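Tertiary structure, described
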Amino acid sequence: MQPVGAVVPLKVDIAEKTFRSARGVSITALQDLSFEVRQGEFACLLGPSGCGKTTTLRILLGLDKDFSGSFQLPQGGSNRIAAVFQEPTLLPWRTVEQNVRLALPKSLRAKNLDRLFDTLGLAGMRSLYPAELSLGLARRAALARAFATEPAVLFLDEPFVSLDEQTAERLRHLLLTVWSARPTTALMVTHNLREALMLSDRIIVLAPRPTHVLGVFDVRLPRQHRNSQVMSDLLRSFHHRFPDVT
Amino acid sequence: MTALGTDGARDAPPTMSGRRNLATALMPALTVAVSLLGLCLLWNLAASVWPSRAFPGPGQVWQVLLREAASGDLFYHLGVTLGRVAAAYIVAMIIGSVIGVLLGSHRRVDRFFNPWVILFLNIPALVVIVLGYIWFGLNEVAAIGAVAVNKIPNVVVTMREGARALDPSYAEMATVYRFGRLERIRHILLPQLQPYLAAASRSGIALIWKIVLVVELLGRSNGVGFQIHLYFQLFDVAAILAYTLAFVAVMLVIELLLVQPVERHATRWRRRPA
Ligand SMILES: Nc1ncnc2c1ncn2[C@@H]1O[C@H](COP(=O)(O)OP(=O)(O)O)[C@@H](O)[C@H]1O
Ligand SMILES: [Mg+2]
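Residues numbered from 1 in each chain as written. Chains lettered and ligands numbered in written order. Predicted model: local features only at pLDDT ≥ 70, side-chain atom pairs only at ≥ 80, totals over all residues. Heavy atoms only, no water.

**Structural notes on the sheet that holds strand β2 (residues 26-37) of chain A**
Residue and element names in this part refer to chain A. What counts is decided by this rule: One requirement defines pairing of two strands: DSSP has to find at least two bridges between them. Secondary structure is summarised from DSSP: a helix means a run of H or I of at least four residues, a strand means a run of E of at least two, and numbering begins at the N terminus for each. Inter-axis angles, ranging from 0 to 180 degrees, are taken between N-to-C directions of lines fitted to C-alpha atoms, where helices are fitted over the stretch in contact. By definition, residues are in contact when any of their heavy atoms lie within 4.5 Å.
Strands sit in the order β2-β1-β4 across an open sheet of three strands; the sheet is antiparallel. Of all strands in the sheet, those with a lone pairing partner are β2 and β4 (68-72), marking the two edges. Across the sheet, the mean angle from the axis of one strand to that of its neighbour is 15°, orientation sign disregarded. Where strand β1 (residues 10-20) and β4 come together, five bridges link them in antiparallel fashion. Among the inter-strand pairings, K11 is bridged to a residue of β4, identified as Q72. The strands that helix α1 (residues 53-60) touches are β1, β2 and β4; relative to β1, the one it contacts most, it runs at about 115°.

**Some points on the site of ligand 1**
Residue and element names in this part refer to chain A. The test is simple: When we say a residue is near a molecule or strand, we mean one of its heavy atoms is within 4 Å of it. In protein, a polar contact requires one atom able to donate a hydrogen and another able to accept it; more generally it is a pair of N or O atoms within 3.5 Å, and residues adjacent in sequence count only if both atoms are side-chain atoms. In these tables, accessible area is a Shrake-Rupley quantity obtained with a 1.4 Å probe, and a residue counts as shielded only by the protein chains included in the view. Each residue receives one of three labels: charged for Asp, Glu, Lys and Arg, nonpolar for Ala, Val, Leu, Ile, Met, Phe, Trp, Tyr, Cys and Pro, and polar for the others, Gly being one of them.
The environment of ligand 1 is formed by F19, S49, G50, C51, G52, K53, T54, T55 and R209. At a separation of 2.7 Å, an oxygen atom of ligand 1 approaches a polar backbone atom of G50. Contact between ligand 1 and C51: an oxygen atom at 3.3 Å from a main-chain N or O atom of the residue. Burial of ligand 1 by the protein amounts to 63% of the accessible area it has alone, namely 550 Å². With three residues, the single largest contributor to the shell around ligand 1 is α1. A per-class count over the shell around ligand 1 returns two nonpolar, five polar and two charged.

**Considerations on the confidence of the model for chain A**
Residues and elements named next belong to chain A. Counted only if it meets this: pLDDT is defined as a per-residue confidence score from the predictor, taking values between 0 and 100.
When pLDDT is averaged across chain A, the result is 88; 96% of the residues are at 70 or more. Mean pLDDT across the elements of chain A ranges from a minimum in helix α7 (residues 228-241), with 88, to a maximum in helix α2 (residues 96-102), with 95. Here residues 1-5 is a poorly scored stretch, pLDDT under 50, and it has one contact once near neighbours within four places are set aside; other chains count.

In structure tokens form, the structure reads like this:
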């Protein structure tokens, strides 16, 4: 038994996840996928497109219950979860601020969001509707929504894809800033190795379908020391351990 | 002189364009007024060419309208009919929406009940009204129920389309962030259904008020339909036209002052472009 008040990490043990198409063809997306994310750690699931990363997140978010196996979300403190989906998924008929507040539990509804909006550069856009935002700004609003809920665990599904590299880079730094202000157990899905090396404490490397874990790459260096020199060293040692992963 | 000239030139454009803006704003209303006036003139001309008790001119109809308004009858019967329209509309929209959304989101249920929907869509309004009065008596509940039953299948079909078009990603977002039941309905479901609700409302009101008149004619002792029936027996065409025009006017005013503003408010987020 866990001692009272102890925090359990995120534990995933999915035996199998199979999709059956209408024509009877079945695709096994996940097989024997198990990994752990420690308390307060920022982890990345790194794998090629179509290997089952989104599928894994959907299972962990409770959106897909048709799988065999089990998982355990961090307990203790707030047991809320938050997600930044592959698309921003803001309600088009609510303003940016309403979108953020609606995601909050009743007890936090009236909370002061000035700091968060300021940090994410959204201070002037709280009363805009999502259709008035660029994709980059909409992604920031989706980040604001996730962080505002003060979750016990945060899931991010390729939150920077289809942005130009400059915008994506700026958003990665913003993500680090808000995350560092309140380090939350986080699991981010990406197929971008450089992004994973820049953001995470550990990288869980996935094999192509049916997906399982190839190995885990820990990045112990504090993030502020990961300059371009260090990054190319990290890349080299990553490639040394996982020669087949690009 | 030069200074005055330039001043005048600088002042002129705003007033000019101001006047032009006012003119463009008034133009549609003006067109409608002229068009209706033209219709009245034509009507008047026709009535004087073929003078008959069965074909009164606009002047006569206006006289009757004033008489009925002065006695208070006009407003009483308009009010009664309007109340029935409102009640039948609300009942039909609520029941039709609930059934439509259920069918639209459960494919098997939909497959089973679809024949029922088609059957009900094709039952003539008159049959429902007559059966309603026979089964439930000549009372208000039967009258409003019969009108609602006539409208419900249309609402079901429209709202079923709406439910099929729901974007599941919003519902998933609501699940992750643990929206309450009412919040889901208010912030996720209704805004997505809004265009379908608006479509069902529009066609609904138009259909309902016409059926309400029939219901009143067949089994009520007040309302515009009852009055039309009464004046039909007295062969008083002027009174029939007076009641009809008054009611059409009321429905247009409701459309203009209620339906359109509500719709504009509900779609405010759509109109500002990115
Ligand atoms: N609803 C579904 N029905 C059938 N196959 C699916 C479904 N969702 C995903 N898949 C398949 O599962 C695999 C993994 O998909 P996904 O998790 O979206 O990959 P990614 O790693 O790019 O996020 C893909 O091959 C995809 O075709
Ligand atoms: Mg994906």
